[in-house]
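# Remarks on the overall topology
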Amino acid sequence: MKVPSLVKYSKLSKSISGIINVLFWVVLGLAAASILAAIGIGAFPKAIDLITADNSFSISPDNIIRFEITASSISDTDISNLYSLLFISITLLLIMILFVLQQLKNILKNVVDAKPFAKENAKSIMYTGYIVIAGSVIVPVMKAFMVNKIVHAFDISNVNVVYTINTEILILGILLLLLSAIFNYGAYLQQEYDTTI
Amino acid sequence: MAIIIRLDRVLADRKMQLNELADSVGISIVNLSNLKTGKVKAIRFSTLNEICKVLKCTPGDILEYEYMENESSQEED
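Residues numbered from 1 in each chain as written. Chains lettered and ligands numbered in written order. Predicted model: local features only at pLDDT ≥ 70, side-chain atom pairs only at ≥ 80, totals over all residues. Heavy atoms only, no water.

## So, the overall build of chain A
Rules: Strands here are runs of E lasting at least two residues and helices are runs of H or I lasting at least four, both read from the DSSP assignment and numbered beginning at the N terminus. Buried residues are those whose accessible area, probed at 1.4 Å on protein chains only, stays under 20% of the maximum for their type, while exposed residues exceed 50% and partly exposed ones sit between those limits. Pairs of residues are marked as contacts when any of their non-hydrogen atoms sit within 4.5 Å. Here, Shrake-Rupley sampling with a 1.4 Å probe gives the accessible areas, and only protein chains in the shown set may cover a residue.
Broken down by element type, chain A carries 6 helices and 2 strands. Considering chain A as a whole, with its 197 residues, one finds that 31% of them fall into the buried category. For chain A, long-range pairs separated by at least 24 residues make up 74% of all intrachain contacts whose partners lie at least 6 apart in sequence. Of the roughly 12700 Å² of accessible surface on chain A, 68% is carried by carbon and sulfur atoms.

## Details of the overall build of chain B
Counting its regular elements, chain B contains 5 helices and 2 strands. Secondary structure elements of chain B, listed N to C terminal, follow the sequence β-α-α-α-α-α-β. Counting across all 77 residues of chain B, residues that qualify as buried make up 26%. Excluding contacts between residues fewer than 6 apart, the proportion of contacts in chain B whose partners are at least 24 apart in sequence is 64%.

## Focus: the nonpolar core
Residue and element names in this part refer to chain B. Under the convention used in this document: We call a set of buried residues a nonpolar core when its members are Ala, Val, Leu, Ile, Met, Phe, Trp, Tyr or Cys and they connect through side-chain atoms within 4.5 Å of each other.
Formed by 19 residues in total, the largest nonpolar core has its most connected members in L7, L21, L32, L35, I51, L55 and I62. Of all the secondary structure elements, the ones that give two or more residues to this core are α1 (7–14), α2 (18–25), α3 (29–36) and α4 (45–55). Apart from the residues within four sequence positions on either side, L55 is in contact with L7, V10, L11, R14, M16 and L21.

## A short note on the interface of chain A and chain B
Our working rule: A 1.4 Å probe defines the accessible area here, and the buried area is the portion of it lost by two parts on being joined, summed over both. The salt bridge criterion pairs a side-chain nitrogen of Lys or Arg with a carboxyl oxygen of Asp or Glu, the two atoms within 4 Å.
If you look at the interface, chain A gives 7 residues, while chain B gives 10 residues. Taken together, the two surfaces of chain A and chain B that pack against each other cover about 770 Å², and 52% of this comes from carbon and sulfur. On the chain A side of the contact with chain B, A:T195, A:T196 and A:I197 bury the most area, a combined 77% of that side's loss. Of the charged contacts, one joins B:K41 and A:E192 as a salt bridge, the two residues approaching to 2.5 Å between their closest N and O atoms.

## Quick notes on the packing of aromatic side chains
Residues and elements named next belong to chain A. Put simply, the rule reads: For Phe, Tyr and Trp, rings pair up if their centres lie within 6.5 Å, where Trp contributes its six-membered ring, and each pair is then called stacked (planes under 30 degrees apart), edge-to-face (over 60) or tilted (otherwise). Whether a charge lies above a ring is judged from NZ of Lys or CZ of Arg, which has to be within 6 Å of the ring centre and within 35 degrees of the ring normal.
Throughout the structure, instances matching the rule amount to 3 aromatic pairs over all chains. Measuring from ring centre to ring centre gives 5.2 Å for F117 and F183, while their planes differ by 35 degrees; the resulting arrangement is tilted. Here F117 is found in the loop between α4 (80–112) and α5 (119–153), whereas its partner F183 is found in helix α6 (residues 167–194), with 66 residues between them in sequence. Between K105 and the ring centre of F24, over which it is positioned, the NZ or CZ distance is 4.1 Å.

## Remarks on the environment of A:Q103
Mapped onto the elements, A:Q103 comes out in helix α4. If near-sequence neighbours (up to four positions away) are discounted, A:Q103 is found in contact with A:S124, A:Y127 and A:T128.

## Quick look at the environment of A:P140
Residue and element names in this part refer to chain A. Assignment of secondary structure puts P140 in helix α5. Expressed as a C-alpha distance, the spacing of P140 and S80, which sit 60 residues apart in the sequence, is 22 Å. The residues contacting P140, other than those within four sequence positions of it, are G135, Y163, T164, I165 and N166.

From the geometry alone we can't say anything about function, so treat these as descriptive.
Have a look at this one:
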């Protein structure tokens, strides 16, 4: 039987690892900027004028329908709280993404080192699974909370905020947990193989 | 484990160094050293075959079984 080689995949993993490394720092920068923005808006409500230069406001919670709120309807509404909340939500989301990227970095490092079936990889996949499952619940909650706040702040009538968990992401998270169990068994087999001469 | 590796004894009889055996058998000295000190879980027939061929001995000369009273049939990690 031909022994499968990891060399080809090692090169690919190196490239992906590089991209993820860059992405990790970009997301970290964005998270830091988001925290600063949330604090900044809380401390200096007037700074909001810089963000909403034309004083209009638009939201698209589902990326399909975009609500445009005109300047006249928000002229007497303080939207600094909304922006503060938005940036806090973004920070939370970015922290979750950072965690997943860190796990991906760990996995790819082991793959580059030609140790794909390491116990650490099984653990990293498990942590990613848990965070993805948590994300499938937390992200819709954050979105619904945000939209609810916006709807109340602008007194928009005939709008109901519906909350549903993200089933696709939930299934993905469960599959990741299953994959982690497979990798755990793989790590056990690898250890057995390594201790056989 | 009740299986004892007698590789050092056979090597001494043949006046052979571990690295010489490693070169002849074609496995790393680290693995062979692990075998000598009983750190490995299993040995392949092919490896045992090569060791016996080089040392001109039988598996019984290298491996020895010693009865132990309180030993489970399947050792856990």
